[in-house]
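The residues making up each chain are set out below.
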Amino acid sequence: MTGGLVLFALAAGLAIAFALAMIVETSPVRSVLSLVVTFFGITVLAILLAAPFIAAIIMIVYAGAILVLFLFVIMLLNLNEEAREKDARPVQRVLGLVAVLALGGLLLGLTLRAGAPPVAPSAAAAKIPSPDEIPLIGRLLFSDYLFAFEAVAVLLLAAAVGALILSKRRMD
Amino acid sequence: MSVPPAAFLAAGTILFAIGLAGALLKRNALSIFLSIELMMNAVNLLFLAYGRMRGDASSHVIVFFVIAIAAAEAAVGLAVFVALFRSRQTIEVDRVNLLKW
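Residues numbered from 1 in each chain as written. Chains lettered and ligands numbered in written order. Predicted model: local features only at pLDDT ≥ 70, side-chain atom pairs only at ≥ 80, totals over all residues.

**Structural notes on the overall build of chain A**
Which entries qualify depends on this criterion: Per the convention used, a helix needs a DSSP run of H or I reaching at least four residues, while a strand needs a run of E reaching at least two, with both numbered from the N terminus. What counts as a contact here is a pair of residues whose C-beta atoms, placed from the backbone, lie within 7 Å.
Across its full length, chain A carries 7 helices and 0 strands. For chain A, the α and β elements follow one another from N to C terminus as α-α-α-α-α-α-α. Sequence-distant contacts in chain A: of pairs separated by 6 or more residues, those separated by 24 or more amount to 60%.

Shown next, in the form of structure tokens:
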């Protein structure tokens, strides 16, 4: 049993356990904090996949910005426990659970069956070297994906303006 | 690295299924939104795993775009919830059942 395998098992177990905790938890604040731990596990998995820059981005943008935004909104709306007074739609919940189990099992089976790598993993290590990741991403962003990059810039501006207008107190 | 790539695929798929369960079973709109964020991150993990298997750095760029779009989506979605809470005093999806107002 090598160190990489132990680290993978630890990170994946942590991520999955806290993802389940997020689903089971009824308090929104505790859901968000569980998701932070899940993202931490996903970050470790990304580092194991030789993507340290993406791992840092996930940690900073997701755990650092998006989840803090969630916490702000939870506190702004003063949400505490989920209302559990009446289970109004039991049939839909059972159907949802069945759908989740069926779709999850199907996806798991399909990804594991189609999981054989088309290229040998040794070629991967040669083409995505860890120290050269950031220059490689930068070159791709400004050559092959230039249009998508500019479009995302416009999208972020539009989202910022839209969020401002939506959360204004009086629309008229 | 001795971890088989299929293990990463399995972890990503399980996380995606958990996120799907949350999105389908939760009532609170904020919890549904959190589950969708989890699903996006599970797909990011799958992109990274497939990119490593194929030796293709484009997967990193695509994950970059997914994160940027998730940030935009979170900003707009949370603003929608704030506006919804101001007009209805709830963000339980069961109680927001009219397309009027």
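Still more to cover.
**Brief notes about the overall build of chain B**
Applied cut-off: Only C-alpha atoms enter the radius of gyration; for comparison, a globular chain is expected to reach 2.2 Å times N to the power 0.38, where N is the number of residues. As a rule, residues whose C-beta atom has 12 or fewer other C-beta atoms within 10 Å are exposed, those with 20 or more are buried, and those in between are partly exposed; C-beta atoms are placed from the backbone.
Helices and strands together make up the secondary structure of chain B, namely 3 helices and 0 strands. Moving toward the C terminus, one meets the helices and strands of chain B in the order α-α-α. The C-alpha radius of gyration of chain B comes to 17 Å, more than 25% above the 13 Å expected for a compact globule of 101 residues. If one aligns the C-alpha atoms of chain B with their principal axes, the spans along those axes are about 55 × 25 × 20 Å. Relative to its 101 residues, chain B shows a buried fraction of 50%. Intrachain contacts of chain B at a sequence separation of at least 6 include 45% that bridge at least 24 residues.

**Some remarks on the interface of chain B and chain A**
Test applied: Ten residue types, Ala, Val, Leu, Ile, Met, Phe, Trp, Tyr, Cys and Pro, are classed as nonpolar, four, Asp, Glu, Lys and Arg, as charged, and the remainder, Gly among them, as polar.
Taken together, the 62 residues of chain B in the interface contact 78 residues of chain A. Mapped by element, the contributors of at least two residues to the side of chain B that touches chain A are α1 (5-25), α2 (29-54) and α3 (58-88) of chain B. Residue contributions to the side of chain B that touches chain A peak at 22 residues, all from α3 of chain B. In terms of residue class, the side of chain B that touches chain A is made up of 47 nonpolar, 9 polar and 6 charged.

**What about the confidence of the model for chain A?**
Rules: Every residue is assigned a pLDDT by the predictor, reflecting its confidence on a scale from 0 to 100.
Looking at chain A, pLDDT values average 83 and 83% of them are 70 or higher. In the model, residues 122-126 of chain A has pLDDT below 50 throughout and makes 6 contacts with residues more than four positions away in sequence or in other chains.

**A few points about unusual backbone geometry**
Note on backbone geometry: most residues besides glycine have negative phi, and most peptide bonds are trans. Residues and elements named next belong to chain A. Notably, A50 is not glycine yet its phi reads approximately 60°, a positive angle. By the secondary structure assignment, A50 is in the loop between α2 (28-48) and α3 (52-77). The exposure class of A50 is partly exposed, given the 19 C-beta atoms found within 10 Å.

**Quick look at the nonpolar core**
Side chains that are nonpolar tend, in soluble globular proteins, to be buried together. Definition in use: A set of buried residues qualifies as a nonpolar core if it consists of Ala, Val, Leu, Ile, Met, Phe, Trp, Tyr and Cys joined through C-beta atoms within 7 Å.
Core analysis: the largest hydrophobic core is formed by 63 residues, its most contacted members being L45 and A46 of chain A together with L15, L30, L45, L48 and A49 of chain B. Within the residue set of this core, elements represented by two or more residues are α1 (3-24), α2, α3 and α7 (146-166) of chain A together with α1, α2 and α3 of chain B. Residue contributions to this core peak at 13 residues, all from α2 of chain B.

**Let's talk about the packing of α2 of chain A against α2 of chain B**
As a reminder of what qualifies: Note on method: axes are straight lines fitted to C-alpha atoms, helices fitted across the in-contact stretch only, with angles between N-to-C directions ranging 0 to 180 degrees. An angle below 35 degrees is read as roughly parallel, one above 145 as roughly antiparallel, one from 65 to 115 as roughly perpendicular, and any other as oblique.
For the pair α2 of chain A and α2 of chain B, the least separation of the axes is 11 Å and the interaxial angle reads 5°. One element, α2 of chain A, and the other, α2 of chain B, form an angle in the roughly parallel class. Facing P28, S31, V32, L35, T38, F39, I42, L45 and A46 of chain A of α2 of chain A, the residues of α2 of chain B in contact are L30, S31, L34, L38, N41, L45 and L48 of chain B. Residue classes in the contact of α2 of chain A with α2 of chain B are distributed as 12 nonpolar, 4 polar and no charged.

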